[in-house]
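Examining the three-dimensional arrangement
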Amino acid sequence: WWDMVDRNLRSFPHSCSTLGRKIAALYDSFTSKSLKEHVFPPLIDMLIYFNFFKAPFLVDLKKPELKIPHTVNFYLRVEPGVMLGIWHTVPSCRGEDAKGKDRCWYEAALRDGNPIIVYLHGSAEHRAASHRLKLVKVLSDGGFHVLSVDYRGFGDSTGKPTEEGLTTDAIRVYEWTKARSGITPVCLWGHSLGTGVATNAAKVLEEKGCPADAIVLEAPFTNMWVASINYPLLKIYRNVPGFLRTFMDALRKDKIVFPNDENVKFLSSPLLILHGEDDRTVPLEYGKKLYEIAHNAYRNKERVKMVIFPPGFQHNLLCKSPTLLLTVRDFLSKQWS
């Protein structure tokens, strides 16, 4: 017993020395960066993704049927530690067939010939947000399958959001869907932040030699640097001395760009841009600029189209436009004929 005590006492100075070195290393690591370097990047992540705001609250994401009919919930592992929550809504015309069916039936239904949309939402909230459900219902009533994806860190999906991570999520879901859809076309549909995810993913798919069957960009921006500076929550800080430089440095450090304006130059997929005239979150001028860049870059000009919706739908409610479904179906049917 005394020998054990003696050994512990002898090792005590060494343990203290090791602990001291660890504390000193942590202190040096912390003091080597300014306060803004500690605070700004995490703050920027919060403002860009807003994924901590998991509204609507008290929703059981495992039970989509409580929010929207003929829908099943499932999870897709895209990489170690990252599991995505997804809702698959089948076309309303298959609603009766879907009653009581399990995930396997829904997965097999992807081959039924009805077009498929992989829906990539904007920042904040999750796949059960009311405006997202309204859009899904419109698309389902119009004969589309819709896969509503919560990126890593959103809803009940695991992981932490980064631009690279969200892009990987979109690619994996698209490829998973294509592997099960047979000859049925699959469209990437991005809204707001999701437009950056969609074009990032589409560019990678293009580089792989398997371009997306179609892309719909709803309320797109040119790139996140421009969009963020004009974001309503950040406008009030623009006149604070040094804010813009610190803000841009934080975006660069975290590699947050979502460069729609550069990505569209490398795409060949049919591209439909939708924008509301009274969108104050992502102003119409960004959508117009992106369309101009894409139209100039595409060899086949007929593959690029922009539709501007009259006032009344703002940023999130193009789904309420009586012409939205017809616009989308008309464009895709011409491209896929």
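Per an unreviewed UniProt entry, the recorded name for the chain is AB hydrolase-1 domain-containing protein, and the organism is Colobus angolensis palliatus.

Structural notes on the overall build of the chain
When helices and strands are counted, the chain shows 13 helices and eight strands. For the chain, with 337 residues in total, the buried portion stands at 50%. Accessible surface for the chain amounts to roughly 16,600 Å². Of this, 57% is attributable to carbon and sulfur atoms.

Considerations on the pattern of salt bridges
Applying the stated criterion across every chain, the model contains 15 salt bridges. Asp97 is the salt-bridge partner of Arg94, the closest N and O atoms lying 3.6 Å from each other. Residue Asp97 is classed as partly exposed on the basis of its relative accessible area of 38%.

Focus on the sheet that holds strand S7 (residues 271-276)
One open sheet accounts for eight strands, arranged S1-S2-S4-S3-S5-S6-S7-S8; its pairing is mixed. Each having just a single partner strand, strand S1 (71-79) and strand S8 (304-309) make up the two edges of the open sheet. Strand-to-strand twist across the sheet, computed as the mean angle between neighbouring axes with direction ignored, equals 20°. Sheet strands touched by helix H6 (residues 163-178): S1, strand S2 (82-89), strand S3 (116-120), strand S4 (145-149) and strand S5 (186-191). Its angle to S1, the strand with the most contacts, is close to 120°. Here helix H13 (residues 324-336) sits on the sheet in contact with S5, strand S6 (214-218), S7 and S8, set at roughly 165° to S7.

Details of the packing of aromatic side chains
The final tally for this structure, using the stated rule, is six aromatic pairs. Taking 6.2 Å as the distance between ring centres and 65° as the angle between the ring planes, the aromatic pair formed by Phe50 and Phe53 counts as edge-to-face. Its relative accessible area of 33% is what places Phe53 among the partly exposed residues. Taken together, a centroid distance of 5.2 Å and an interplanar angle of 85° make the contact between Trp105 and Tyr106 edge-to-face. Exposure remark for Trp105: the relative accessible area of 18% places this residue in the buried category. The exposure class assigned to Tyr106 is buried, which follows from its relative accessible area of 4%. In textbook terms, an aromatic cluster arises when at least three aromatic residues are bridged by ring pairs, as seen for Phe50, Phe52, Phe53 and Phe57. Against the face of Phe266 rests Lys203, its NZ or CZ located 4.7 Å from the ring centre.

Focus: the pairing of S8
Both S7 and S8 contribute to a ladder of six bridges, which runs parallel. The partner of Leu274 across the bridge, within S8, is Val307.

Considerations on the pairing of S7
Counting buried positions along S7 gives six out of six residues, so the element sits mostly inside the fold. Of the two faces of S7, the one carrying Leu271, Ile273 and His275 and the one carrying Leu272, Leu274 and Gly276 are both buried. Direction of pairing for S6 relative to S7: parallel, over a ladder of four bridges. Note that in S7 the partner of Ile215 across the bridge is Leu271. As a crossover connection, the stretch from S7 through helix H12 (residues 284-297) into S8 is right-handed.

A word on the side chain of His121
Relative to the helices and strands, His121 is located in the loop between S3 and helix H5 (130-141). Within polar-contact distance, the side chain of His121 engages the backbone oxygen of Val149 at 3.5 Å.

Observations regarding the layout of surface pockets
Leftover empty space is mapped by rolling, across the atoms, a probe with the size of a water molecule. When its volume is computed, the largest pocket comes out at roughly 420 Å³. If you go around the largest pocket, you meet 22 residues; those closest to its centre are Ser123, Ser192, Tyr231, Thr281 and His315. At the level of elements, helix H2 (35-49), H5 and helix H8 (224-229) are the ones that each hand at least two residues to the lining of the largest pocket. A per-element tally of the lining of the largest pocket places H8 first, with three residues. Each residue belonging to the lining of the largest pocket can be placed in one class, and the counts come to eleven nonpolar, nine polar and two charged.

Some remarks on the nonpolar core
Leu188 and Leu271 are the most contacted members of the largest nonpolar core, which has 58 residues in total. In terms of nonpolar packing, the next biggest core, distinct from the first, is built from 27 residues, Ala128, Val146, Leu274 and Leu318 among them.

Remarks on H5
The first and last C-alpha atoms of H5 sit 16 Å apart over twelve residues, in line with the 16 Å expected at 1.5 Å per residue. Among the residues of H5, those classed as buried are His131, Arg132, Leu133, Leu135, Val136, Leu139 and Ser140. Lining the buried residues of H5 we find S2, S3, S4, S5, S6 and H13.

A few points about the environment of Lys305
Mapped onto the secondary structure, Lys305 falls in strand S8. Sequence-wise, Lys305 and Leu271 are 34 residues apart; in three dimensions their C-alpha atoms are separated by 6.4 Å. Apart from residues no more than four positions distant in its own chain, Lys305 is found in contact with Leu271, Leu272, Ile273, Tyr291, Asp330 and Phe331.

Conventions we followed
- Just so you know, the residues in each chain are numbered from 1, in the order the chain's sequence is written.
- The predicted nature of this model means local features are confined to residues of pLDDT at least 70 and side-chain atom pairs, given and counted, to a pLDDT of 80 or more, with totals for whole chains, interfaces and linings taken over all residues.
- Note that water and hydrogens are dropped before the side-chain values are worked out from all heavy atoms of the structure.
- Secondary structure elements follow DSSP: runs of H or I no shorter than four residues count as helices, runs of E no shorter than two count as strands, and numbering proceeds from the N terminus.
- The buried label applies to any residue whose accessible area, calculated with a 1.4 Å probe on protein chains only, is under 20% of its type's maximum; exposed applies above 50%, and partly exposed to all values in between.
- For accessible areas, the Shrake-Rupley method is used with a probe of radius 1.4 Å. Any residue's cover is judged against the shown protein chains and nothing else.
- Think of a salt bridge as a Lys or Arg side-chain nitrogen and an Asp or Glu carboxyl oxygen that are within 4 Å of each other.
- Any two strands with at least two DSSP bridges between them are considered paired.
- Simply put, an axis is a line fit to the C-alpha atoms, just over the touching stretch for a helix, and the angle between two N-to-C directions goes from 0 to 180 degrees.
- Residue contacts follow a heavy-atom distance rule, with two residues in contact if any of their heavy atoms lie within 4.5 Å.
- To pair, rings of Phe, Tyr and Trp, with the six-membered ring standing in for Trp, must have centres within 6.5 Å; the planes then decide the type, stacked if under 30 degrees apart, edge-to-face if over 60, and tilted in the middle.
- Counting as a charge over the ring demands two things of the Lys NZ or Arg CZ atom: a distance within 6 Å of the ring centre and an angle within 35 degrees of the ring normal.
- Looking down the strands as they point away from the viewer, one classifies a crossover as right-handed if the path from the first strand across the helix to the second runs clockwise.
- We call two N or O atoms a polar contact when they sit within 3.5 Å, provided that within protein one can donate a hydrogen and the other can accept it, with sequence-adjacent residues counted only if both atoms are side-chain atoms.
- Here a cavity means grid points, on a 1 Å grid over the protein atoms only, where a 1.4 Å probe fits yet cannot get out; a pocket means an open set of points with protein on both sides within 12 Å along at least five of seven lines; lining residues are those with an atom within 4 Å of a point.
- Grid points are joined across faces, edges and corners, and a volume is the space filled by probe spheres set on the points.
- Residues are grouped as follows: Ala, Val, Leu, Ile, Met, Phe, Trp, Tyr, Cys and Pro are nonpolar; Asp, Glu, Lys and Arg are charged; every other residue, Gly included, is polar.
- Throughout, nonpolar core names a set of buried Ala, Val, Leu, Ile, Met, Phe, Trp, Tyr and Cys residues whose side chains join them through atoms within 4.5 Å.
- Each residue after the first adds 1.5 Å to the expected span of a helix.

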